[in-house]
Amino acid sequence: NIADGSVYPASVQLHDNVVDSIAHLWNCPKPETQGEESEHFAGAGTVGSTEACLLGLLAQKFRWRKWYAERHGLTLEEVVGVIPNVVIPSHYQACWEKAFRYFDIKPKFLFPVFDKFKINPEDLRDLVDEKTIMVVGVLGNHYNGTYDPIWDMDKILTEINEEKGYQVGLHVDAASGGFIAPFQDDVPAWDFRLKNVLTISASGHKFGESSCGTGWVVFRHRHDLSEHIEIKVTYLGGISYSMTLNFSRPATGIYVQAYKFLRMGMLGYKQKVKNQLDTTAYFREKMRAV
């Protein structure tokens, strides 16, 4: 049970090491330091990318709520009654339907060009307002694998934030692309190299090669972000820290993920991605020739 760090400390350490590896893969800034040693990066293994997306949303929602209350002089009780929104492409994955319904959030949609399934980042200017929690970019949609132009969305969001005094961040839903894009040479910066990217989620059980039910979320930093959802609990005689929606869960996926990282390494994943892209290109050319 990965939730019980007092009984299974080695599993928790393994979990933290995997989070660190993924944070490095996504170019996350170094975590805050405690004394002479650095902390682990802020992140969590989750039950698939659905939970990872929801955790990223909740962290940014509480961040937005704090900012909005200060901006309008509201109490915490008053700001709870304000319905926020999320700007998201209409080719989102089904987990976001749960977010809209369960967390009282209004979706504002970015509609892609039909024949390319690619959004126009300029549309953000008409959609982002002071009630916007965050903007979502999908790194590999479920229809044709297209990456949303996170790099252009970041530039426009910077202009909007500076012009209007907002602090809207980006969440990258990299369910399918999180373990593909880092090994492609021709993809612009899409991860924590962009200053507005605050949270990234991915499926470990897709191209991360882990077992079914494995997901990951990494936060840019703890302060005013992951700290909003992390709780400290006393459990079976010890103290555990948790930032997942559920509590007890198996460590299987985390162990498989760690094994695959050690077994394949950066070179192994890069070769795997090359093979997948070569196969994709082959089928694409065959379909075009029909």
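Because the structure is predicted, anything quoted here is derived from the model rather than measured. (Residues numbered from 1 in each chain as written. Predicted model: local features only at pLDDT ≥ 70, side-chain atom pairs only at ≥ 80, totals over all residues. Heavy atoms only, no water.)

Caption draft 1: Looking closely at the UniProt feature "modified residue: N6-(pyridoxal phosphate)lysine" (unreviewed entry) in the chain. Annotation from UniProt places "modified residue: N6-(pyridoxal phosphate)lysine" (unreviewed entry) at Lys206. Within the element layout of this structure, Lys206 appears in the loop between β8 (197-203) and β9 (214-219). Among the polar contacts made by the side chain of Lys206, one reaches the side chain of Ser203 at a distance of 3.0 Å. (UniProt positions renumbered as here; feature names shortened; annotations may be inferred. Helix = DSSP H or I, 4+ residues; strand = E, 2+ residues; numbered from the N terminus. Polar contact = N/O pair within 3.5 Å; in protein donor to acceptor, adjacent residues only side chain to side chain.)

Caption draft 2: Layout of the packing of aromatic side chains. Going through the model one piece at a time under the given rule, you end up with 13 aromatic pairs. Taken together, a centroid distance of 6.4 Å and an interplanar angle of 70° make the contact between Trp26 and Trp190 edge-to-face. In this pair, Trp26 sits in the loop between α1 (9-25) and β1 (33-34) while Trp190 sits in the loop between β7 (169-173) and β8, placing the two residues 164 residues apart along the sequence. Put simply, the rings of Trp26, Phe179, Phe183, Trp190, Phe261 and Tyr269 pair up and form one aromatic cluster. (Phe/Tyr/Trp six-rings, centres within 6.5 Å; stacked < 30°, edge-to-face > 60°.)

Caption draft 3: Quick look at the packing of helix α2 (residues 48-72) against helix α4 (residues 95-102). Where α2 contacts α4, the axes come no closer than 9 Å and their chain directions differ by 40°. By the angle class used here, α2 and α4 are oblique. Crossing geometry of α2 relative to α4 is assigned as right-handed. Across from Thr50, Cys53, Leu54 and Leu57 in α2, the residues of α4 making contact are Cys95, Trp96 and Ala99. For the contact of α2 with α4, a count of residues per class yields 6 nonpolar, 1 polar and no charged. (Axes fitted to C-alpha atoms, helices over the stretch in contact; angles between N-to-C directions. Parallel < 35°, antiparallel > 145°, perpendicular 65-115°, else oblique. Left-handed = near helix turned anticlockwise from the far one by under 90°. Contact = heavy atoms within 4.5 Å. Nonpolar A, V, L, I, M, F, W, Y, C, P; charged D, E, K, R; others polar.)

Caption draft 4: Just unusual backbone geometry, in detail. Residues other than glycine seldom take positive phi values, yet Asp104 does so here, at roughly 55°. For Asp104, the location among the structural elements is in the loop between α4 and β5 (106-110). Residue Glu209 is not a glycine yet carries a positive backbone phi of 75°. Residue placement: Glu209 occurs in the loop between β8 and β9. You can call Glu209 partly exposed: its relative accessible area is 24%. (Buried < 20%, exposed > 50% of the residue type's maximum accessible area, 1.4 Å probe, protein only.)

Caption draft 5: Structural context of α4. Buried within α4 we find Cys95, Trp96, Ala99 and Phe100. Projected down its long axis, α4 carries its buried residues within an arc of 145°, all on one side. Residues of α4 that are exposed and point more than 90 degrees away from the buried face comprise Arg101 and Tyr102. On its buried face, α4 is in contact with α2, β4 (85-89), β5, β6 (132-138) and β7. Just downstream of α4, Asp104 is the residue with a positive phi angle, here 55°. (Arc of directions from axis to C-beta.)

Caption draft 6: Summary view of the sheet that holds β5. If you walk across this open sheet you meet the 7 strands as β3-β9-β8-β7-β6-β4-β5, and the pairing is mixed. Only two strands of the sheet have a single neighbouring strand rather than two, namely β3 (43-47) and β5. Each strand axis lies, on average, 20° off the axis of its neighbour in the sheet, ignoring direction. Across 5 bridges, the pairing between β8 and β9 is antiparallel. When the bridges of β9 are listed, Thr199 appears paired with Phe219. Running over the sheet, α1 touches β3 and β9 and is turned about 65° from β9. (Pairing = 2+ DSSP bridges.)

Caption draft 7: Molecular detail of the pairing of β3. Within β3, 4 of the 5 residues are buried, leaving the element largely enclosed by the surrounding structure. Of the pairings in the sheet, the one linking β3 to β9 comprises 5 bridges and is antiparallel in character. Bridge pairing in β9 places Val47 opposite Thr214.

Caption draft 8: Focus on the packing of α1 against helix α7 (residues 252-289). It is at 9 Å that the axes of α1 and α7 come closest, and there the two elements cross at 50°. In this view, α1 runs oblique relative to α7, as classed from their interaxial angle. Our pair here, α1 against α7, has a crossing hand that is left-handed. Along its contact with α1, which presents Ser11, Leu14, His15, Val18, Ser21, Ile22 and Leu25, the element α7 presents Ile254, Tyr255, Gln257, Ala258, Phe261 and Met266. Counted by class, the contact of α1 with α7 contains 9 nonpolar, 4 polar and no charged residues.

Caption draft 9: Broad picture of the pattern of salt bridges. Counting across every chain of the model gives 12 salt bridges. In this structure, Asp191 and Arg193 form a salt bridge, with 2.8 Å as the shortest nitrogen-oxygen distance. Residue classification places Asp191 among the buried residues on the basis of a relative accessible area of 1%. Here Arg193 falls in the partly exposed class, since its relative accessible area comes to 47%. Among the salt bridges present, the one from Arg288 reaches Glu285, with a minimum N-O distance of 3.1 Å. Placement of the pair is Arg288 and Glu285 together in helix α7, with a separation of 3 residues, close to one helical turn. Residues joined by salt bridges that share partners form a network here, namely Glu122, Arg125 and Glu159. (Salt bridge = Lys/Arg side-chain N within 4 Å of Asp/Glu carboxyl O.)

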